[in-house]
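Commentary on secondary and tertiary structure
Below, each chain spelled out in residue letters.
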Amino acid sequence: MRWVTRTCPYVDRTASAWLIKRFIDKNAEFVFIKWPREKPDPSLGIPFDIRGVELGHRDGKCTFEVIVEKYKIVDPIVKKIAEVVHAADIEEDIDKSPLARGIKAILNGLRYMYKDDYKVLEEGIKIWDALYAHFKILEIMERYSEELKSMDRIGRIAFLRDRVSEAVERIK
């Protein structure tokens, strides 16, 4: 399926593309338009993060949250990422997540590092994979806290890498 969004992907667009690719449409293809000069045409694909489309900001929610809701994504880590995306994308809520300013800064730099929007999206998806892995690490550390205490540093790293890499591979 094809999905269409605005050029120069930033927080909500990279996160939403990651969400689409990892939880909705593994074979998603993305098309960029020069909005507002160009308008989303249904023949290009499903529009997202463009003013006035179904999969855009609505009722105080960012596009990522709207997509989570529409497609009934229940992964608890996606819910945590939604909090970060919301805070980083909605300026007045920037301090609602301690990770928001950092993510926003990284993605701001990323969107100007490359002239090619597809390259920005490719690298941005890696950032969201890494954030998913971060939250998975925290979940595993809590679940296996007693076992981890009995391991040395090398053992803990191997234990966490095995479980986190498996979790990230499952969503790819």
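Anyway, here's the lowdown on the structure attached to this text. (Residues numbered from 1 in each chain as written. Predicted model: local features only at pLDDT ≥ 70, side-chain atom pairs only at ≥ 80, totals over all residues. Heavy atoms only, no water.)

**Concerning the nonpolar core**
Ranked by size, the top nonpolar core spans 49 residues in total, and within it W18, F64, I81 and W128 carry the most contacts. Those elements giving two or more residues to this core turn out to be α1 (11–24), β2 (29–33), α2 (63–70), α3 (76–89), α4 (100–113), α5 (117–143) and α7 (153–171). Looking at which element gives the most residues to this core, the answer is α5, with 10 residues. In this structure, V4, I33, I50 and V53 belong to the second largest nonpolar core, which totals 5 residues. (Core = buried A, V, L, I, M, F, W, Y, C linked by side-chain atoms within 4.5 Å. Buried < 20%, exposed > 50% of the residue type's maximum accessible area, 1.4 Å probe, protein only. Helix = DSSP H or I, 4+ residues; strand = E, 2+ residues; numbered from the N terminus.)

**As for unusual backbone geometry**
A cis amide bond links W35 with the next residue in sequence, P36, at an omega value of 10 degrees. Mapped onto the elements of the fold, P36 is located in the loop between β2 and β3 (46–47). Despite not being glycine, D49 shows a phi value in the positive range, around 55 degrees. Position of D49 relative to the elements: it lies in the loop between β3 and α2.

**Side note on the environment of S97**
Within the element layout of this structure, S97 appears in the loop between α3 and α4. Accessibility expressed as a relative area gives 8% for S97, which makes it buried. Distance in space between the C-alpha atoms of S97 and I81 is 9.8 Å, their sequence separation being 16 residues. Other than its neighbours up to four places away in sequence, S97 contacts E83, V84 and A87. (Contact = heavy atoms within 4.5 Å.)

**Structural notes on the pairing of strand β1 (residues 2–6)**
Two elements, β1 and β2, share 5 bridges in a ladder whose sense is parallel. From the neighbouring strand, V4 faces β2, where its bridge partner is V31. Regarding the hand of the β-α-β motif, the stretch spanning β1, α1 and β2 is right-handed. With 2 bridges connecting them, β1 and β3 associate as parallel partners. Directly across from W3, in β3, lies its bridge partner I46. (Pairing = 2+ DSSP bridges. Right-handed = clockwise from strand over helix to strand, strands pointing away.)

**A closer look at the sheet that holds β3**
Strand order across the open sheet formed by 3 strands is β2-β1-β3, with parallel pairing between neighbours. Of all strands in the sheet, those bounded by a partner on one side alone are β2 and β3. Each of β1 and β2 touches α1; the most contacted strand, β1, lies at about 170 degrees to it. (Axes fitted to C-alpha atoms, helices over the stretch in contact; angles between N-to-C directions.)

**Focus: the environment of V84**
For V84, the position within the fold is in helix α3. Taking the C-alpha atoms as reference points, V84 and K104, separated by 20 residues in sequence, lie 9.5 Å from one another. Beyond its immediate chain neighbours, meaning those up to four positions away, V84 contacts S97, L99, A100, I103, L131 and F135.

**A few points about α5**
The terminal C-alpha atoms of α5, which comprises 27 residues, lie 39 Å apart, in line with the 39 Å expected from a rise of 1.5 Å per residue. You can read the cap of α5 off the contacts: a side-chain oxygen lies 2.8 Å from the backbone nitrogen of Y118, and it is on D116. (Expected span 1.5 Å × (residues − 1). Polar contact = N/O pair within 3.5 Å; in protein donor to acceptor, adjacent residues only side chain to side chain.)

**Topic: α1**
For α1, with 14 residues, the first-to-last C-alpha span of 19 Å sits near the 20 Å given by 1.5 Å per residue. The buried fraction of α1 is high, at 11 of 14 residues. Within the span of α1, buried status applies to V11, D12, R13, T14, A15, S16, A17, W18, L19, I20 and R22.

**Side note on the packing of α4 against α5**
Across the interface, α4 lies against α5 with an axial gap of 10 Å and an inter-helix angle of 160 degrees. What the angle tells us is that α4 and α5 run roughly antiparallel. Handedness of the crossing formed by α4 with α5: right-handed. In this structure, α4 contributes I103, I106, L107, L110 and R111 to the contact, and α5 contributes V120, E123, G124, I127, W128 and L131. Per-class residue counts for the contact of α4 with α5 are 8 nonpolar, 1 polar and 2 charged. (Parallel < 35°, antiparallel > 145°, perpendicular 65-115°, else oblique. Left-handed = near helix turned anticlockwise from the far one by under 90°. Nonpolar A, V, L, I, M, F, W, Y, C, P; charged D, E, K, R; others polar.)

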